[in-house]
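Residues per chain are reported as follows:
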Amino acid sequence: MTRRKAFIIVLSLFLISIVIRLPNLNRPVSKHHEFMSALMLINIESWRQAGGGSVFHYIPVLNFQNPGDMYPGKNIWVDQKGNQWYLSLGPGWYIIPYFIYQIFHLPAEPIYLRIINLFFNLFSVVLFFYFLEQMLSAEEKNKYQIIIGGCFLFMFTPGMLWYLGNGYAHTGIMIPFVIVFLIIILPMLVSLKELTFPRLFSLAILIILFVFIDWFIIFLCISAGLFTLGKMRYEKRYAWLLGILFMASFIGIMLVFLQFASYGAASAVAAYWKARFFIRTIANESTPFVMMAGYLGIHILTAFLPLIILIASFWLWSRYKKITIAFSKKETLFLKLYSCSVCLYNLILLEWSFEHEFSVLPWCLLLTYTGLKLINPFLNKKEIYILAALFLTASGLQYYFINRPGKISRDGMAYDTFKIFGEQLKQVPSAYKIFSHLEKNAPMIEYYAGRNISIMLSYDEAKKDRKSTRLNSSH
């Protein structure tokens, strides 16, 4: 099979993945971690209300700019103007959609965010195609059939279908950056002659940009750095690679820190990051480790169950038939480096990982490549088409089970419930503060209301808050 034909088939498969998503693409923001999309849209609208993202130095904010939506009293979560800022991650995943919305003069509606997400999905698929080309040797039999199989597994898991469709998340849009990182660094770790200035320079730029999307790049650099240290025992020139990994990571972190500090002062950013570290990492002792690890395992199942079943089934079959699965030097390096990275990522950020299903999205590359190697001996058999149909059916059914098409969700709640409630809140004057006894914040309601909701457990607490605010403002 030719490269061109394989690429056309992969693009055709991508179009099929869009067709599967169509029943959900234009529904109101509501279920299954769509609070992330709501937060993104709130930020776009808030930046616009304030006169543009530059007013905040492009720091994400979680509230609208109405007088009643400001938070009283500056603290590590609130800026000097009463805006609730978000400093947990680099702001790149907020900035990208904002500028796309601005350039094309788009209203802050979810359909455009989902289209942006699909483009990131397309970039990921194209880059994964190239990554597989790099990983497989030129002598590999049926090379492009193998690549088609890999791209198929990569695209059609419930997690990838959702989080690179409706469920906009930083772990989804970072996937192209992850693949490019691997494309650049693996050849250098395999062969010294690939350790060139253009490749090192490209790696440095990529790392700096990646830090503005997610912290996963730091764990990739730590893992790559450990392997580079091993290489340095035999070849001192690898010190250049180690230096790039360290310096680019440091520069990226400092640039994010300085951007935040340029608006809110270095001490405020440092206090915010310290607090978030103890809340979101394994250092958080409020939830038992076993419970957090258990939920992390459930997330992997809900995102990748058909792929995990395929891996388990073919691993057992290969053991039964005594089929040897051979791995090249580059493949072994990739599997070790990447396994180390994803395990560190979800273990260190365990509290955050167990609360958010999309935290396991980086596992897609590891699971896909493992599955591909296991089914490789069977790709020439006619039964492979039956297997592909079964896999696609299983993934589609799980995707639709979690995100049921139509107007009513699996738990019986209408998808437009938040929209209807939010639109009713629009009648509240903009100077009034809105209180609710909701158990937690609901950005989906806030997005449709164009207003922010403060959580108070009782009417008396809300009165006390208003009284306290008035007293503080009078001083």
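A brief look at the structure comes next. Source: prediction; values computed, not measured. (Residues numbered from 1 in each chain as written. Predicted model: local features only at pLDDT ≥ 70, side-chain atom pairs only at ≥ 80, totals over all residues. Heavy atoms only, no water.)

### Topic: the overall build of the protein
No. 1: Scanning the protein for helices and strands turns up 20 helices and 2 strands.
No. 2: A compact globule built from 475 residues would reach a C-alpha radius of gyration of about 23 Å, and the protein, at 24 Å, matches this within 12%.
No. 3: C-alpha extents for the protein along the principal axes are approximately 75 × 55 × 45 Å.
No. 4: Burial statistics for the protein: of 475 residues in total, 53% are counted as buried.
No. 5: Here the contacts in the protein between residues at least 6 apart in sequence split such that 74% fall between residues at least 24 apart. (Helix = DSSP H or I, 4+ residues; strand = E, 2+ residues; numbered from the N terminus. Rg over C-alpha atoms; globule rule 2.2 N^0.38 Å. Buried < 20%, exposed > 50% of the residue type's maximum accessible area, 1.4 Å probe, protein only. Contact = heavy atoms within 4.5 Å.)

### Things to note about unusual backbone geometry
No. 1: At H32, a position not held by glycine, the phi torsion is positive, near 55°.
No. 2: Residue position: H32 is located in the loop between α1 (3-25) and α2 (35-50).
No. 3: Of note, the phi angle at H33 is positive, near 65°, even though the residue is not glycine.
No. 4: With respect to the helices and strands, H33 occurs in the loop between α1 and α2.

### A closer look at the environment of Q427
No. 1: Along the chain, the position of Q427 falls in the loop between α18 (417-425) and β1 (434-436).
No. 2: Sequence separation between Q427 and A449 is 22 residues; the distance between their C-alpha atoms is 8.7 Å.

### Side note on the nonpolar core
No. 1: The biggest cluster of nonpolar side chains holds 151 residues, and the ones touching the most others in it are F131 and F181.
No. 2: Counting residues per element, this core draws most heavily on helix α8 (residues 175-190), at 12 residues.
No. 3: Apart from residues lying up to four places away in sequence, F181 is in contact with L203, L206, I207, I217, L220, C221, A224 and L245. (Core = buried A, V, L, I, M, F, W, Y, C linked by side-chain atoms within 4.5 Å.)

### A word on the packing of α1 against helix α17 (residues 383-402)
Any two packed helices are characterised by the angle at which their axes cross and by the distance between the axes.
No. 1: In contact at an axis separation of 11 Å, α1 and α17 are set at 10° when each is read in the N-to-C sense. Relative to α17, the element α1 is oriented roughly parallel. Residues V19, I20, R21, P23 and N24 of α1 pack against L392, Y399 and Y400 of α17.
No. 2: For the contact of α1 with α17, the per-class residue count stands at 6 nonpolar, 1 polar and 1 charged. (Axes fitted to C-alpha atoms, helices over the stretch in contact; angles between N-to-C directions. Parallel < 35°, antiparallel > 145°, perpendicular 65-115°, else oblique. Nonpolar A, V, L, I, M, F, W, Y, C, P; charged D, E, K, R; others polar.)

### Some points on the environment of V269
No. 1: By the secondary structure assignment, V269 is in helix α12 (residues 266-280).
No. 2: When its relative accessible area of 0% is taken as the criterion, V269 is described as buried.
No. 3: Distance in space between the C-alpha atoms of V269 and Q259 is 9.9 Å, their sequence separation being 10 residues.
No. 4: V269 has contacts with L87, F257, F260 and A261, leaving out every residue within four places of it along the chain.

### Observations regarding α8
No. 1: Between its first and last C-alpha, α8 extends 22 Å over 16 residues, near the 22 Å set by a 1.5 Å rise per residue.
No. 2: Burial runs high along α8: 14 of the 16 residues are buried. (Expected span 1.5 Å × (residues − 1).)

### Comments concerning the pattern of salt bridges
No. 1: Within this structure, the stated rule accounts for 9 salt bridges.
No. 2: Residue E133 is joined to R3 by a salt bridge in which the shortest nitrogen-to-oxygen separation is 2.5 Å. With E133 in helix α4 (residues 110-135) and R3 in helix α1, this residue pair connects regions lying 130 residues apart in the sequence.
No. 3: Residue E133 is classed as buried on the basis of its relative accessible area, which comes to 10%.
No. 4: For E355, the salt bridge goes to R280, with nearest N and O atoms at 2.8 Å. In this pair, E355 sits in helix α15 (residues 350-355) while R280 sits in helix α12, placing the two residues 75 residues apart along the sequence.
No. 5: Among the residues examined, E355 registers a relative accessible area of 39% and is labelled partly exposed.
No. 6: Within this structure, R27, E34 and R114 form a network of salt bridges that share partners. (Salt bridge = Lys/Arg side-chain N within 4 Å of Asp/Glu carboxyl O.)

### A few points about the side chain of T171
No. 1: Topologically, T171 is positioned in helix α7 (residues 170-173).
No. 2: From its side chain, T171 meets the backbone oxygen of F358 in a polar contact 2.7 Å long.
No. 3: If we ignore the near neighbours within four places in the chain, the residues touching T171 are D214, Y345, W352, F358, S359, L361 and P362. (Polar contact = N/O pair within 3.5 Å; in protein donor to acceptor, adjacent residues only side chain to side chain.)

### Things to note about a nonpolar patch on the surface
No. 1: Judged by side-chain polarity, F246, M247, F250, I251, M254, L255 and L258 come together as a nonpolar surface patch covering roughly 650 Å² of accessible area.
No. 2: As for its placement among the helices and strands, F250 is situated in helix α11 (residues 238-264). (Patch = residues over 30% accessible without salt bridge, like charges linked within 9 Å, V, L, I, M, F, W, Y side chains within 5 Å. Areas by Shrake-Rupley, 256 points an atom, 1.4 Å probe, with all protein chains shown as cover.)

### Remarks on helix α5 (residues 143-155)
No. 1: Here α5 is 13 residues long and its end C-alpha atoms lie 19 Å apart, about the 18 Å a rise of 1.5 Å per residue gives.
No. 2: Of all 13 residues in α5, 12 are buried, a share of seventy percent or more.
No. 3: Of the residues making up α5, those classed as buried are K143, Y144, I146, I147, I148, G149, G150, C151, F152, L153, F154 and M155.

### Comments concerning the packing of aromatic side chains
No. 1: Under the counting rule described, the total for this entry stands at 44 aromatic pairs.
No. 2: Taken together, a centroid distance of 4.8 Å and an interplanar angle of 85° make the contact between W47 and Y98 edge-to-face. Here W47, found in helix α2, pairs with Y98, found in helix α3 (residues 92-103); they are 51 residues apart in sequence, far enough to count as distant. Each member of the pair, W47 together with Y98, is buried.
No. 3: Clustering of aromatic rings is evident, with ring pairs tying together F128, F131, F154, Y163, F216, F219, F334, Y338, Y345, W352, F358 and Y369.
No. 4: Sitting above the plane of the F327 ring, K373 keeps its charged end 5.3 Å from the centroid. (Phe/Tyr/Trp six-rings, centres within 6.5 Å; stacked < 30°, edge-to-face > 60°. Lys NZ or Arg CZ within 6 Å of the ring centre and 35° of its normal.)

### Focus on the packing of α5 against helix α16 (residues 363-375)
No. 1: Across the interface, α5 lies against α16 with an axial gap of 9 Å and an inter-helix angle of 140°. In terms of axis orientation, α5 runs oblique to α16. In this structure, α5 crosses over α16, and the sense of that crossing is right-handed. Counted together, I146, G149, G150, L153 and F154 of α5 and C364, L365, T368, G371, L372 and I375 of α16 form the full contact between these two elements.
No. 2: When its residues are assigned to classes, the contact of α5 with α16 shows 7 nonpolar, 4 polar and no charged. (Left-handed = near helix turned anticlockwise from the far one by under 90°.)

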